[in-house]
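Results of the structural survey
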Amino acid sequence: MSALSLARTNVLALSPYSSARMESGPAPLMLNANESPWPSPGVALELNRYPDPQPAALLERLAHIYDVPAARVLAVRGSDEAIDLLVRAFCRPGIDSIAISPPTFGMYEVCAGIQGAVIESVPLATDDFSLDADAMLAALSSAVRVVFVCSPNNPTGSLVPLATIEHLAGALAGRALVVVDEAYIEFAESDSAAKLLDRYSNLGVLRTLSKAWALAGVRIGTLLAAPELITLLRRIMPPYPLATPCVEIAVAALDVDGERLTGERVATTIAERERLAAALSTLSSVRKVYPSRANFLTVHLHDASHILRGLSAQGIAVRDVGRHPGLRGCLRFTIGTPEENSRLLEALRRIAEAA
Ligand SMILES: *Cc1c(COP(=O)(O)O)cnc(C)c1O
């Protein structure tokens, strides 16, 4: 059964904006899009033409690094855009709902709020932040259309096993999409849910170039899903979503050298995460360091606001995640370079000595 049967009927029926670039590809004389015929002032790139909505070279590189066929790839402006598109395509305001498992990434709730979709919250376990698929299935109403599973989860760092994702996707077939947000999967030393896409047409996987690939400023994310879902979302995307300079930079960064460099940096980040976790757990200001499969550590402190102020006074910004349910008194430390992580430890020791 195709996941399209779950989409809003007006979205299925609407005729998308048909851009000049969609109606005809490049021709020797381009007089169809009211573009300037002259080169852009002040830049070497050819930017006077509108970009290809989904450039083949970019899709090929994304398909390669995520190990899926290009027909399963939708390139978006950061995975945040894919979250928004999914909610808009599947949730009727005031009627349909999304499901989330707090404490989790805030954008699911924000996008649902903008759309007017209802939010069904099924919290993670309070001790180890694991996700109980059966408890979730029992809690969900028949109005749920999109279930967001963040793995590794931000801000807890916990991983949801693929068996749990399979269980959810299987049980929700024909009822809801299961969207696995894998913004941090490169750091998890674990398989992507993308390998389940062939078996579950109601599964989607979000990937991003913003974290492991060091390209947050380029704003390119990816939805991996069934080809018919990719086609559907393209209908509600703006006509020219991806800026040419960003596409060119991403294609260059995703070459073999970029892949190798990213692999090395991921290995360094994982080693540093474990070094930092061990060092932090010896500090008297620390109550608990939560195990993390991502590029950050969430740490429960005896006095988080004191530490936050002390770090800030030393020019170090970390994230206060204490507003999330179950994370009161916690701060989230992004893993930096080895030198940066040592500076963080040094600053924490200085705060302890001053006390
Ligand atoms: C950082 C982050 C994203 C956002 O990624 P962009 O591709 O930069 O929009 C998505 N999901 C989670 C869980 C994140 O932490």
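Predicted, not measured: the structure shown is a model, and the values here were computed from it. (Residues numbered from 1 in each chain as written. Predicted model: local features only at pLDDT ≥ 70, side-chain atom pairs only at ≥ 80, totals over all residues. Heavy atoms only, no water.)

A separate point is the pairing of strand 3 (residues 118-121). Summarising the sheet, strand 2 (residues 97-100) and strand 3 pair through four bridges and their orientation is parallel. In the sheet register, Ile-98 faces strand 3, and the bridge partner there is Ile-119. Following the backbone out of strand 2, through helix 5 (residues 107-115) and into the adjacent parallel strand 3, one traces a crossover that is right-handed. (Pairing = 2+ DSSP bridges. Helix = DSSP H or I, 4+ residues; strand = E, 2+ residues; numbered from the N terminus. Right-handed = clockwise from strand over helix to strand, strands pointing away.)

An order of 8-9-11-10 is seen for the four strands of this open sheet, with the pairing classed as antiparallel. In the strand order of this sheet, the two ends are held by strand 8 (286-289) and strand 10 (319-320), each with one partner. Pairing analysis gives five bridges linking strand 9 (residues 296-301) to strand 11 (residues 330-334), with the strands arranged antiparallel. Along strand 11, the bridge assignment pairs Val-299 with Leu-331. Contacts between helix 10 (residues 256-280) and the sheet are confined to strand 8, strand 9 and strand 11, with strand 9 contributing the most and set at about 10° to the helix. (Contact = heavy atoms within 4.5 Å. Axes fitted to C-alpha atoms, helices over the stretch in contact; angles between N-to-C directions.)

Their axes nearest at 9 Å, the elements helix 3 (residues 56-66) and helix 9 (residues 244-253) cross at an angle of 40°. Two packed elements cross with a definite hand, and for helix 3 against helix 9 that hand is left-handed. Packed against helix 3, whose contacting residues are Ala-57, Leu-58 and Arg-61, the element helix 9 presents Val-247, Ala-250 and Val-251 at the interface. Here the contact of helix 3 with helix 9 is composed, by residue class, of five nonpolar, no polar and one charged. (Left-handed = near helix turned anticlockwise from the far one by under 90°. Nonpolar A, V, L, I, M, F, W, Y, C, P; charged D, E, K, R; others polar.)

Neighbouring the ligand are 13 residues, the closest being Ser-79, Asp-181, Thr-208, Ser-210 and Lys-211. The contact in question runs from an oxygen atom of the ligand to an N or O atom on the side chain of Asn-154, over 2.9 Å. Between the ligand and Tyr-184 there is a distance of 2.7 Å, counted from an oxygen atom to a side-chain nitrogen or oxygen. For the shell around the ligand, the per-class residue count stands at four nonpolar, five polar and four charged. (Near = heavy atom within 4 Å. Polar contact = N/O pair within 3.5 Å; in protein donor to acceptor, adjacent residues only side chain to side chain.)

Right, let's talk about the nonpolar core for a bit. Judged by nonpolar contacts, the single largest core of 59 residues is most densely connected at Leu-62, Val-147, Ile-165, Leu-203 and Leu-209. Sorting elements by how many residues they give to this core places helix 3 first, with six residues. Ignoring anything within four residues of it in the chain, the contact list for Ile-165 reads Val-149, Val-160, Val-180, Ala-193, Leu-196 and Leu-203. Counting 34 residues, the second largest nonpolar core, distinct from the first, contains Ala-3, Leu-74, Ala-225 and Met-237. (Core = buried A, V, L, I, M, F, W, Y, C linked by side-chain atoms within 4.5 Å. Buried < 20%, exposed > 50% of the residue type's maximum accessible area, 1.4 Å probe, protein only.)

Reading across from one edge, 1-7-6-5-4-2-3 is the order of the seven strands in this open sheet, with mixed pairing throughout. Here the strands that pair on one side only, and so sit at the sheet edges, are strand 1 (73-76) and strand 3. Strand-to-strand, the axes of this sheet are offset by a mean angle of 25°, without reference to chain direction. Against the sheet, helix 3 touches strand 1, strand 6 (203-208) and strand 7 (221-224), its axis set at about 115° to strand 1.

A few words on helix 11 (residues 304-313). Within the span of helix 11, buried status applies to Ala-304, Ile-307, Gly-310 and Leu-311. Buried residues along helix 11 cover an arc of 130° about the axis, so they all sit on one side. Counted as exposed and oriented over 90 degrees from the buried face of helix 11: Arg-309 and Ala-313. Contact partners of the buried residues in helix 11: strand 9, strand 11 and helix 12 (338-354). After helix 11 finishes, the residue Gly-315 shows a positive phi value of roughly 75°. (Arc of directions from axis to C-beta.)

This part covers the packing of helix 10 against helix 12. Following both chains from N to C, one finds helix 10 and helix 12 inclined at 10°, their axes separated by 10 Å at the closest point. In terms of orientation, helix 10 lies roughly parallel with respect to helix 12. The chirality of how helix 10 crosses helix 12 is right-handed. Taking contact as the criterion, the partners of Thr-268, Glu-272, Arg-275, Leu-276, Ala-279 and Leu-280 in helix 10 are, on helix 12, Pro-338, Asn-341, Ser-342, Leu-344, Leu-345 and Leu-348. (Parallel < 35°, antiparallel > 145°, perpendicular 65-115°, else oblique.)

Shape is all these values report; function is a separate question.
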